[in-house]
Amino acid sequence: MIKRNKQVAKLKSGYLFPEINKRKQNFLINNPEAKLISLGIGDTTQPISSTVVDAFVGISKNLGTPEGYIGYGPEQGIELLRQKIANTFYKNLVNSEEIFVSDGAKCDIGRLQVLFGGEVSVAIQDPAYPVYIDGSIIQGIDKIHMMSCSFENGFFPDLNVLDRVDLIYICSPNNPTGAACTYSQLEKLVAYAKKNHSIIIFDAAYAGYIKGPNLPKTIYEIKGAEEVAIEIGSFSKLAGFTGIRLGWMVVPEALKYENGFSVKEDWNRIATTLFNGASIIAQYGGLAVLEEKGLKEVEKLVDFYLENARFLKTTLEQMGYEVFGGINAPYLWVHFPGKNSWEVFQELLEKAHIITTPGSGFGPAGEGFVRFSAYGKREDILLAIERLKKIKI
Ligand code: PLP
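The rules behind these values
Residues numbered from 1 in each chain as written. Predicted model: local features only at pLDDT ≥ 70, side-chain atom pairs only at ≥ 80, totals over all residues. Heavy atoms only, no water. Near = heavy atom within 4 Å. Polar contact = N/O pair within 3.5 Å; in protein donor to acceptor, adjacent residues only side chain to side chain. Areas by Shrake-Rupley, 256 points an atom, 1.4 Å probe, with all protein chains shown as cover. Helix = DSSP H or I, 4+ residues; strand = E, 2+ residues; numbered from the N terminus. Phe/Tyr/Trp six-rings, centres within 6.5 Å; stacked < 30°, edge-to-face > 60°. Buried < 20%, exposed > 50% of the residue type's maximum accessible area, 1.4 Å probe, protein only. Lys NZ or Arg CZ within 6 Å of the ring centre and 35° of its normal.

Draft legend 1. Summary view of the site of the ligand. Taken together, the neighbourhood of the ligand is formed by 14 residues, with Asp 203, Tyr 206, Ser 234, Ser 236 and Arg 245 sitting nearest. Lys 106 is positioned with one of its backbone polar atoms (N or O) 2.9 Å from an oxygen atom of the ligand. Separating an oxygen atom of the ligand from a side-chain N or O atom of Tyr 206 is a distance of 2.7 Å. Within the complex, the protein chains bury 91% of what would otherwise be the 390 Å² of accessible surface of the ligand. Secondary-structure elements contributing two or more residues to the shell around the ligand are helix H5 (105-116) and helix H8 (236-239).

Written out as structure tokens, the structure is:
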């Protein structure tokens with residue numbers, strides 16, 4: 001009999017969302033009438049804009065004709081889409097050859113981990129989006145350093161105490177804390193990576209939510225970042241593509257291994273081996289998002305979720321809680337001093353019939369916090385606010 005992959009066996013069983021579900025089901029058994037509101041999982045709720053839907057319909061119809069049929073496309077993505085991504089999000093700080101279109105940020109992170117293999121050391125923010133750790137464990141990495149991110153350090157790691165690592169994962173705007181990195185933080189990060197010959201994996205899946213005028217929208221705004229950073233982007237939360245699946249990765253030409261070999265060349269080799277290109281339909285939708293009209297529509301969509309976040313943040317602050325995030329991010333990171341995250345989760349479930357995500361599920365530094373997601377229909381957000389106002393945690 002085949003032995004179980006010992007790296008997979010090392011993964012903690014998918015604990016967070018199954019446990020949330022279990023508690024939800026138990027609650028519903030005793031309270032079958034309860035109308036639960038989910039502010040837990042970060043999934044979009046609003047319909048895709050009409051410009052984008054028209055593009056899906058147009059390309060789908062073409063695919064049904066002899067002249068319009070397309071089979072496999074380039075693994076790296078349609079050239080026009082690569083150019084539009086480079087122009088729109090990076091103002092040509094990177095070029096289209098450095099953009100690799102994908103089926104989403106999560107899948108990209110997994111393939112990227114294959115690129116670097118199991119011998120590297122990695123540093124990961126605590127709390128963090130779970131894929132960074134679990135994907136590293138699957139690759140056989142055992143040198144994993146957790147970088148504590150709390151309100152004491154502005155949810156950005158103290159790089160002065162970080163020993164040299166090969167890869168540093170940074171997510172900004174951050175899931176779950178909602179913190180968006182400042183120019184000075186990213187300058188320190190790039191300086192660390194240059195000094196230590198490390199590579200930064202910069203997860204910018206929520207970059208579209210950065211509204212502050214003095215915040216970097218991409219790590220490539222920092223001088224020299226192209227020599228040390230890979231950036232990951234996504235249409236999921238920008239355009240409601242969580243189910244459609246479209247993202248991209250920037251692997252700059254200037255990024256090299258210690259022997260001077262191009263990381264981009266290796267990435268091209270890995271990506272074209274493990275991936276056959278994003279869906280043509282999704283890519284045509286992406287092209288429509290990046291047209292003038294499409295960009296205006298997605299801006300409205302992002303503003304809608306940010307308004308949800310603002311309503312929730314105001315309410316929770318008026319109730320006396322310390323609330324982080326929710327300004328340049330769709331997540332609110334709420335502190336409940338003296339309580340543990342699961343206790344608060346349970347109280348919110350029982351007293352307000354609201355599902356949240358316990359902060360401790362994102363790492364030990366998340367203990368005492370609960371994440372509220374601003375993804376929701378407006379009527380649900382307003383109802384959640386009404387209920388919150390009536391309770392005390
Ligand atoms: N990165 C972060 C920080 C996320 O929170 C998510 C999804 O929630 C992803 C990546 C995955 O995005 P995608 O839908 O593009 O795979």
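Next comes the rest of the write-up.
Draft legend 2. Here's a closer look at the packing of aromatic side chains. Within the structure shown, the criterion is met by 23 aromatic pairs. Ring plane angle 55 degrees and centroid distance 6.3 Å describe the contact between Phe 151 and Phe 369, whose orientation is recorded as tilted. Taken together, the residues Phe 151 in the loop between strand S4 (143-148) and strand S5 (167-171) and Phe 369 in strand S13 (residues 369-373) connect sequence positions 218 residues apart. On the accessibility criterion, Phe 369 (4% relative accessible area) is buried. Seen from their ring centres, Trp 333 and Phe 362 are 6.2 Å apart, and the 70 degrees between their planes marks the pair as edge-to-face. Of this pair, Trp 333 sits in strand S10 (residues 331-335) while Phe 362 sits in the loop between strand S12 (357-358) and S13, and the two are 29 residues apart along the sequence. Neither Trp 333 nor Phe 362 differs from the other in exposure class; each is buried. Taken together, the ring pairs in this structure connect Phe 151, Phe 155, Phe 324, Trp 333, Phe 362 and Phe 369 into an aromatic cluster. The positively charged end of Arg 82 is found above the aromatic ring belonging to Phe 100, 5.6 Å away from the centroid. Sitting over the face of the ring of Phe 275, Arg 111 holds its NZ or CZ atom 4.1 Å from the ring centroid.

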